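# Structural characterization, general
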Amino acid sequence: MELKQYQRDVLREIGRFARTYAMTRDAATAYGVFMNAIGLTPGQGGVERYRDDLGGAPKVCVKVPTGGGKTFIGASAVRVLTEALPSAANVVVWLVPRREILSQTIKNMRNPEHFLRMALDRDFGGRVEVLDKEDGLRGRSFTAATVGEQLTLFVLSYDSFKNKDGRRAYAENSALAGLTAHQRDAGTAVEVDGADDTALITALAGTNPIVIVDESHRARSKLSLDMLKNLNPRFVLELTATPARGANVIAQATARQLKAEEMVKLPVVVYRRPDKRTTISDAVALQRRLEAIAERDEGRTGRYIRPIVLFQAERRGAEGAETYAKLKAKLVEGDIPEEQVAVRTGDVDEIGGADLMARDCPIRFIITVEALAEGWDCPFAYVLATVANKSSQVSVEQVVGRVLRQPHAARAGARSLNIAYVLTASADFDATLTQVVDGLNGVGFSREDVETAGTAPAPAPRQGRAGLPASGLAATPDDAEGDDLDLDGLDLSASDNAGAGTEAATVDDIIAASGDIEERFEEGAGPEGAGTLLGGLGGGSNVYGMRTEAAGSAASLAIPQFMVRVDGGIFTDDETWKPLDREDLLADFRLSKYGINQVSINPATFSEAREVDLAADSDEYRIRWLEDDVRKNMAMLFANMSDEGKRESLKALVLKAMASQFKNTFGSAQLTGYIARVVDDMDSPVVDACLHSVGGVARAVTDAVRELADDFCEERFGKLLSRGDVRLAPEYRFPESFVQANPMTSYDKGLYEAEDGRVDGVERRMVDLLANSSRVVWWHRVVERKPGEFSINGFVNHYPDFLALRDDGVLMAIETKGEHLAEDAKRKLRLGTRWSDMAGAGFGYFMVFEREALDEANAFTLAEFGSEILG
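This one's a predicted model, so the numbers in the text were calculated from it and none came from an experiment.

## Things to note about the overall build of the chain
For the chain, the count of helices and strands is 27 helices and 30 strands. In the chain, which comprises 871 residues, the share counted as buried stands at 54%. In the chain, the proportion of contacts linking residues at least 24 apart, taken out of those at least 6 apart, comes to 73%. A total of about 37900 Å² of accessible surface is found on the chain, and carbon and sulfur atoms cover 47% of it.

## As for the packing of aromatic side chains
Counted under the stated rule, the structure contains 22 aromatic pairs. Look at Phe-589 and Tyr-594: their rings are 5.6 Å apart centre to centre, the planes differ by 35°, and that puts the pair in the tilted class. For Phe-589, a relative accessible area of 2% gives the class buried. Connected via pairs of aromatic rings, a cluster forms that spans Tyr-732, Phe-734, Trp-778, Phe-790, Trp-835 and Phe-843. Lying across the ring of Phe-34, Arg-16 places its NZ or CZ 3.8 Å from the centre. Sitting over the ring of Trp-577, Arg-727 keeps its end group 3.9 Å from the ring centre.

## Considerations on the sheet that holds strand β6 (residues 235-240)
Note: strands within a sheet are paired through backbone hydrogen bonds, in either parallel or antiparallel orientation. If you trace the seven strands from one edge of the open sheet to the other, you get β3-β4-β2-β5-β6-β1-β7, paired in parallel fashion. The open sheet has two edge strands, β3 (128-131) and β7 (249-252), and neither has a second partner. Shown here is a sheet whose adjacent strand axes are inclined to one another by a mean of 20°, direction ignored. With four bridges connecting them, β3 and strand β4 (residues 151-157) associate as parallel partners. The residue of β4 that forms the bridge with Val-128 is Leu-151.

## With respect to helix α20 (residues 643-657)
Between its first and last C-alpha, α20 extends 21 Å over 15 residues, near the 21 Å set by a 1.5 Å rise per residue. The complete set of buried residues in α20 reads Lys-646, Arg-647, Ser-649, Leu-650, Lys-651, Val-654 and Leu-655.

## Some words on the environment of Asp-123
In this structure, Asp-123 sits in helix α5 (residues 115-123). Given the relative accessible area of 14%, Asp-123 is considered buried. Through-space distance from the C-alpha of Asp-123 to that of Ser-76 is 8.0 Å; in sequence the pair is 47 residues apart. Not counting residues within four places of it along the chain, the set of residues in contact with Asp-123 comprises Ser-76 and Arg-79.

## Brief notes about unusual backbone geometry
For the peptide bond that leads from Leu-266 to Pro-267, omega is 0°, which places it in the cis range. Within the secondary structure layout, Pro-267 lies in the loop between α12 (255-260) and β8 (268-272). Notably, Ala-409 is not glycine yet its phi reads approximately 50°, a positive angle. Mapped onto the secondary structure, Ala-409 falls in the loop between β12 (381-386) and β13 (420-424). Taking relative accessible area as the criterion, Ala-409 reaches 21% and is therefore assigned partly exposed. Unlike most non-glycine residues, Lys-749 shows phi in positive territory, near 70°. Mapped onto the secondary structure, Lys-749 falls in the loop between β22 (743-744) and β23 (755-756). A residue is classified by how much of its surface remains accessible, and Lys-749, at 25% relative accessible area, is partly exposed.

## Observations concerning the sheet that holds strand β28 (residues 811-817)
Taking strand neighbours across the sheet as the criterion, the five strands line up as β24-β27-β28-β29-β30 in an open arrangement whose pairing is mixed. Each having just a single partner strand, β24 (776-781) and β30 (859-861) make up the two edges of the open sheet. Pairs of neighbouring strands in the sheet enclose a mean axial angle of 30°, with direction left out of account. Note that strand β27 (residues 802-806) and β28 share four bridges and pair antiparallel. Following the sheet pairing, Leu-803 is matched in β28 by Ala-813. Docked against the sheet, helix α27 (residues 862-869) engages β27, β28, β29 (843-849) and β30, running at close to 105° with respect to β30.

## Describing the environment of Thr-702
Position of Thr-702 relative to the elements: it lies in helix α24 (residues 694-723). Those residues in contact with Thr-702 that lie beyond four places of it in its chain are Met-658 and Phe-662.

## Side note on the pattern of salt bridges
By the definition in use, this model includes 52 salt bridges. The partner of Lys-222 in a salt bridge is Asp-226, and the shortest N-O contact between them spans 2.9 Å. Placement of both Lys-222 and Asp-226 in helix α11 (residues 222-230) is noted, with a separation of four residues, approximately one turn of the helix. The exposure class of Lys-222 is exposed, given its relative accessible area of 61%.

## Observations regarding the packing of helix α1 (residues 5-24) against helix α3 (residues 70-84)
Running from N to C, α1 and α3 point in directions that differ by 30°, and their axes come no closer than 9 Å. For the element pair α1 / α3, the angle class is roughly parallel. Like other packed secondary-structure pairs, α1 and α3 cross with a definite hand, here right-handed. Along its contact with α1, which presents Gln-7, Val-10, Leu-11, Ile-14, Gly-15, Ala-18, Arg-19 and Ala-22, the element α3 presents Phe-72, Ile-73, Ser-76, Ala-77, Val-80, Leu-81 and Ala-84. Classifying every residue of the contact of α1 with α3 gives eleven nonpolar, three polar and one charged.

## Remarks on the nonpolar core
With 113 residues, the main nonpolar core has Ile-14, Leu-237 and Phe-311 as its most contacted residues. When residues of this core are assigned to their parent elements, the largest contribution, eight residues, is made by helix α13 (residues 276-301). One finds Phe-662, Ala-698, Leu-720 and Leu-831 within the second-largest nonpolar core, a separate group that totals 72 residues.

## Quick look at the side chain of Asp-297
As for its position among the elements, Asp-297 is in helix α13. The contact partners of Asp-297, leaving out residues within four places of it in the chain, are Gly-302, Ala-412, Gly-413, Ala-414 and Leu-417.

## Some thoughts on the layout of surface pockets
Its boundaries defined by the atoms lining it, the second largest pocket holds a volume of some 980 Å³. Sorting the residues of the lining of the second largest pocket by element identifies α18 (582-585), α21 (660-666), α24, β26 (797-798) and α26 (822-839) as the ones contributing at least two each. Broken down by element, the residue count for the lining of the second largest pocket peaks at five residues, all from α21. Looking at the lining of the second largest pocket residue by residue, the class counts come to nine nonpolar, eight polar and 13 charged.

## Overview of the confidence of the model for the chain
Per-residue confidence for the chain averages 81 on the pLDDT scale, and 78% of its residues sit at or above 70. Note on residues 526-541: pLDDT under 50 across the span, and 45 contacts to partners over four residues away in sequence or across chains.

## Brief notes about the packing of α20 against helix α23 (residues 684-691)
Remark: α20 packs on α23, axes separated minimally by 10 Å, with the N-to-C direction vectors making an angle of 45°. Taken as axis vectors, α20 and α23 run oblique relative to one another. Handedness of the α20/α23 crossing: left-handed. Facing α20, whose interface residues are Asp-643, Lys-646, Arg-647, Leu-650 and Leu-653, α23 presents Ser-684, Val-687, Asp-688, Cys-690 and Leu-691. Class assignment for the residues of the contact of α20 with α23 results in five nonpolar, one polar and four charged.

The rules behind each value
- Residues numbered from 1 in each chain as written.
- Predicted model: local features only at pLDDT ≥ 70, side-chain atom pairs only at ≥ 80, totals over all residues.
- Heavy atoms only, no water.
- Helix = DSSP H or I, 4+ residues; strand = E, 2+ residues; numbered from the N terminus.
- Buried < 20%, exposed > 50% of the residue type's maximum accessible area, 1.4 Å probe, protein only.
- Contact = heavy atoms within 4.5 Å.
- Areas by Shrake-Rupley, 256 points an atom, 1.4 Å probe, with all protein chains shown as cover.
- Phe/Tyr/Trp six-rings, centres within 6.5 Å; stacked < 30°, edge-to-face > 60°.
- Lys NZ or Arg CZ within 6 Å of the ring centre and 35° of its normal.
- Pairing = 2+ DSSP bridges.
- Axes fitted to C-alpha atoms, helices over the stretch in contact; angles between N-to-C directions.
- Expected span 1.5 Å × (residues − 1).
- Salt bridge = Lys/Arg side-chain N within 4 Å of Asp/Glu carboxyl O.
- Parallel < 35°, antiparallel > 145°, perpendicular 65-115°, else oblique.
- Left-handed = near helix turned anticlockwise from the far one by under 90°.
- Nonpolar A, V, L, I, M, F, W, Y, C, P; charged D, E, K, R; others polar.
- Core = buried A, V, L, I, M, F, W, Y, C linked by side-chain atoms within 4.5 Å.
- 1 Å grid on protein atoms, 1.4 Å probe; cavity = no way out; pocket = protein on both sides within 12 Å on 5 of 7 lines; lining within 4 Å.
- Points joined across faces, edges and corners; volume = space filled by probe spheres on them.
- pLDDT = per-residue confidence, 0-100.

This is the structure in structure tokens:
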């Protein structure tokens, strides 16, 4: 098996870093030099600094999506690393997360006809010994002589040195006494804490091995890091589809590269069916159509494919019956031979050791429950049909990655055999779609690799939650279908007749559409070479650039912002303009000019005293009621004070309770004076009550001051505009990338490769609307006060929730509101309207309410916005 181009590119980067480290002998320095060579600087531009958690031993990561041949890259990297970092002992420790993957990896690497072993034999002239833990404990082929004459590759699990069984690796071992004695004589021996000097872990540490960590995102615990340190590695290479935060990523492959190299089936097309019975019958029909196509395709390509359906069912239905057993029985009753149906759950394994890709294997339908273990991937799996109950928490997220591998790592002649299919009867199609995307994200793919397609015939569409049609998707039928797997009336006979019945015609439509879907996906992918390996480097840094198809229109935009005139100073008559900041407007704001009438204090509305303190069992803060004795002590303390003492204490406590930023904005001196007037105006009983609810008083004063300041800024802003000291100018440009701590890739048309994912309620419905509107070119989620984000910088610093480009060239600034929020919403609406009026025809401002909008210009309900602005 030959390496694909993207695999060679990844190996080139691994070698480049290893050689850089060999020259510098410092991992952090090597990382900086490596990144600088590709135009990146650790610690700048969202690229994280090198993270050293192994006490100086280099540890780097490569990101390759599932199906991209991470194991093949790892096996091929052994020679690259041993050449860059030679050692007298040629030992590699290969770590895997699960027992199933362990046995599979050992089996493949010991099989002389498997491509992994063939690669190792090619690179090391056939002098390769693959050992497991038991081999090491017995000292088989692990001696002072063998480690210098051959490649000794240990395949171990993360648990090999953990738990009770793992302690055997730390115990005295006479079988390894000769090797460890040789290491002591040669000066390479290493003391491992808690281990005998003849133990297996000690012997391995003495070889200073190269360590390859497969599925490294699962090896982030302190125990795992301690295990890596104990191995005394000279280099650690992590392989994963989803790097953990803090991983030192040096190279990555993309989903589009995998598709271009014929490694995966993409896109994943998600179809909604009207009910579970239709889902099952359509899945059966789809399998039969695909198999017929595969038989014809084999005549042209010579490659055998037997498409398989994965049914995802419940473990138990409402009546306590094993749902997967019930589904299997129904399939068999529908004249599907029993040998073609296999159940694979945590308790039942009817697949056993069967080779699913063998021509004589009869299995065409596999019924699973929540998940199939990592490492279980059958390239013949084409269809995922989820028949979980509507109220179920079972997620397709854990299963969808199992239908991605392309059979024979070669493109089929028929386009319908180059994509994957998901059929669902979920009551919440959006939730299911999100689960599919999350599942793909979990194996290194994204929302761009998913496509929603036509739905089965169903009753007339109902209104969506926001009063809009449900995105053109067929509505769920009446809710009479219960939470059990009711398969009465299931008819699989229609699956045998391609031209009869609505259901069969629908499946034929799926097949007919598959060619266009794959062709559109390939056109959208565009050419992608080795340069894309560098996108998103930094592992946990989560740096996401603009999408290629959106970058052109976004980069050319200069969005108007308000500018304020600034005097050039005493040495020049020149004047300059700078972006207006709210502090410019507050420069002349004086609390002493205002009364205290706006401060509303009613102790009866204040809650009881609370304390905020660290929890006993964590570093997180908790809010708790004050203990009775504490409250009594406070009451006694204040009771012994004079009235004047109480008032002075209350003034000091209220100022202390205010936020530091608030005090910096308005100045502690003028706040102190304002608070004093408020407290001095109180009756003595009110002072007594407020002493037990200082936070309530501080909030009341803060709210009043903010309202006074807002009114002042709005009035001042209007005067400066009238005088010409404030103007609108094209000032803001989108940055090339953003760091996203909560990346969201679940929706189409985002301006960046990932948008901020902290959305819910009406914001999420707006995302869904923008992503699915034919009139939207791209959209961006604006994060308030995040550096680099756009704001309408007027009398308030207004960060609209979204910016979106419409197909007529209008940039829309969109603010969403779940409710009126009274004056706050009105003030932002006034500013947004003034901004759009001054900006001109190419810009628009819209305040969108979930249900009831303000009776003002530019205020809409979500339904009105969808029909009138995007219609």
